[in-house]
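Listed below are the residues making up each chain.
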Amino acid sequence: GFAFMVVEIALLQRFTRFLWHPSYSLLGILFSLLLSTAGGAYLSSRFPLDKLSKVMLVSGAGLAVLACIAGFAYPPLLSSLIGLSITARILLTVVLVAPSGVLMGAMIPSVIRRLASTNAELVPWGWGINGATSVVGTVLATVVAIYFGFTVTFVVGAAMYLAAGVLGYVVGRST
C-alpha cells in the first residue's frame, strides 16, 4: 500500500505537464493503473501457490526497476514527446504506466492467496495494514516530493517495492 501510493503520486506529477492538465494526468494514470492492476491480479491467479513467492519477488524487483526508470528516464523522454497530439500522449501514458500496474496488481493477490492457504486469520490483518500504509504513503510521498523532489520519491517507491518483494518471497517460503 505504501509503495503503491508513493509511485502513483509520483506518476501523477510526472505526467501532469506531459498531458497538459492535472485532470488529464489523474484520469490517464488512474485508468492505466486500475486496468493494468486488474490484469496483474488476474495473471497472478494463474500461478500455483508454490510459485507465488517467486511472483512476489519478481514483481517487487520489476517494480523497483520501473520506478527508477520513471524517476530518471521519463523526464527527458516525456519532454521530447510533448509535441505529440493529446491522443498520442494519452496512449503513450497508458503504455508507459501499464507494466507497473500489472506488477502492482500481482503483489497483493499473491500474498493474500499465500496467507489464506496456510494462515487465514492473517488475511484481514494484511488488508488492514495495506489500507493503513496506503494512507501513510500518500502523506509521506507528498512530504518527500516537497523536500527532495519527485525523482527521490520514485527512488523511495522503488526501495519499498524491492523490500516488499523480498518480504513477500520470505513470507511465501515460510508459510
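Residues numbered from 1 in each chain as written. Predicted model: local features only at pLDDT ≥ 70, side-chain atom pairs only at ≥ 80, totals over all residues. Heavy atoms only, no water.

K.L.:
Give a description of the overall build of the protein that names residues and reports values.
P.N.:
Scanning the protein from N- to C-terminus turns up 7 helices and 0 strands. Secondary structure elements of the protein, listed N to C terminal, follow the sequence α-α-α-α-α-α-α. Across the 175 residues that make up the protein, the buried fraction comes to 38%. Partitioning the intrachain contacts of the protein with sequence separation of at least 6 by distance along the chain shows that 84% fall at a separation of at least 24. Accessible surface, the protein as shown: approximately 8900 Å² in total, 77% of it carbon and sulfur. (Helix = DSSP H or I, 4+ residues; strand = E, 2+ residues; numbered from the N terminus. Buried < 20%, exposed > 50% of the residue type's maximum accessible area, 1.4 Å probe, protein only. Contact = heavy atoms within 4.5 Å. Areas by Shrake-Rupley, 256 points an atom, 1.4 Å probe, with all protein chains shown as cover.)

K.L.:
Any details on unusual backbone geometry? Residues and values, ideally.
P.N.:
The phi dihedral of Trp20 is positive, around 75°, even though this residue is not glycine. Tracing the backbone shows Trp20 in the loop between α1 (2–16) and α2 (22–45). Classification of Trp20 by relative accessible area gives exposed; the value is 59%.

K.L.:
Could you give me a rundown of the packing of aromatic side chains, with the residues and numbers involved?
P.N.:
If you walk through the whole model with that rule in mind, you get 2 aromatic pairs. Note on Phe15 and Phe18: the rings are 6.1 Å apart at their centroids and 75° apart in plane angle, and the pair reads as edge-to-face. Each member of the pair, Phe15 as well as Phe18, is classed as buried. Here the aromatic rings of Phe15 and Tyr74 are separated by 5.8 Å at their centres, their planes lie at 80°, and the arrangement is edge-to-face. Here the residue Phe15 occupies a position in helix α1, and Tyr74 occupies one in helix α4 (residues 74–80), the gap between them amounting to 59 residues. Ring pairs connect the aromatic residues Phe15, Phe18 and Tyr74, which therefore count as one cluster. In this structure, Arg89 is placed above the aromatic ring of Trp20, and the distance from its NZ or CZ to the ring centre is 3.9 Å. (Phe/Tyr/Trp six-rings, centres within 6.5 Å; stacked < 30°, edge-to-face > 60°. Lys NZ or Arg CZ within 6 Å of the ring centre and 35° of its normal.)

K.L.:
How would you sum up a nonpolar patch on the surface? Please name residues and give values.
P.N.:
Nonpolar side chains collect at one region of the surface, where Val139, Val143, Ile146, Tyr147, Phe148 and Val152 lie side by side and expose about 640 Å² of accessible area between them. Broken down by element, the nonpolar patch gets its largest block of residues, 5 residues, from helix α6 (residues 123–148). Here Ile146 is to be found in helix α6. (Patch = residues over 30% accessible without salt bridge, like charges linked within 9 Å, V, L, I, M, F, W, Y side chains within 5 Å. Salt bridge = Lys/Arg side-chain N within 4 Å of Asp/Glu carboxyl O.)

K.L.:
For the packing of α2 against helix α5 (residues 86–118), give the residues involved together with the corresponding values.
P.N.:
Relative orientation and spacing of two packed helices are given, respectively, by the angle between their axes and the distance between those axes. Two elements in contact, α2 and α5, have axes whose closest approach is 5 Å; the angle formed by their N-to-C orientations is 40°. It follows that α2 is oblique to α5 by the angle criterion. The handedness of the crossing between α2 and α5 comes out as right-handed. For the contact of α2 with α5, a count of residues per class yields 14 nonpolar, 11 polar and 1 charged. (Axes fitted to C-alpha atoms, helices over the stretch in contact; angles between N-to-C directions. Parallel < 35°, antiparallel > 145°, perpendicular 65-115°, else oblique. Left-handed = near helix turned anticlockwise from the far one by under 90°. Nonpolar A, V, L, I, M, F, W, Y, C, P; charged D, E, K, R; others polar.)

K.L.:
Please set out the environment of Leu34 residue by residue, giving values where relevant.
P.N.:
Mapped onto the elements of the fold, Leu34 is located in helix α2. It is 9.3 Å that separates the C-alpha atoms of Leu34 and Val102, two residues lying 68 residues apart in sequence.

K.L.:
Outline the environment of Ser117, supporting the account with residue identities and numerical values.
P.N.:
Inspection of the secondary structure puts Ser117 in helix α5. Residue classification places Ser117 among the partly exposed positions, given a relative accessible area of 35%.

K.L.:
With reference to specific residues and values, describe the packing of helix α3 (residues 52–72) against helix α7 (residues 150–174).
P.N.:
Contact geometry for α3 and α7: axes closest at 7 Å, N-to-C directions at 175°. Our classification of the angle between α3 and α7 gives roughly antiparallel.

K.L.:
Tell me about the side chain of Ser25, and name the residues and values.
P.N.:
By the secondary structure assignment, Ser25 is in helix α2. With relative accessibility at 1%, the residue Ser25 sits in the buried group. Only 2.6 Å separates the side chain of Ser25 from the backbone oxygen of Leu12, close enough to count as a polar contact. Here Ser25 is in contact with Leu11, Leu12, Phe15, Thr16, Leu19 and Leu30, once residues within four sequence places are set aside. (Polar contact = N/O pair within 3.5 Å; in protein donor to acceptor, adjacent residues only side chain to side chain.)

Scope: geometric values only; no functional claims are made or implied.
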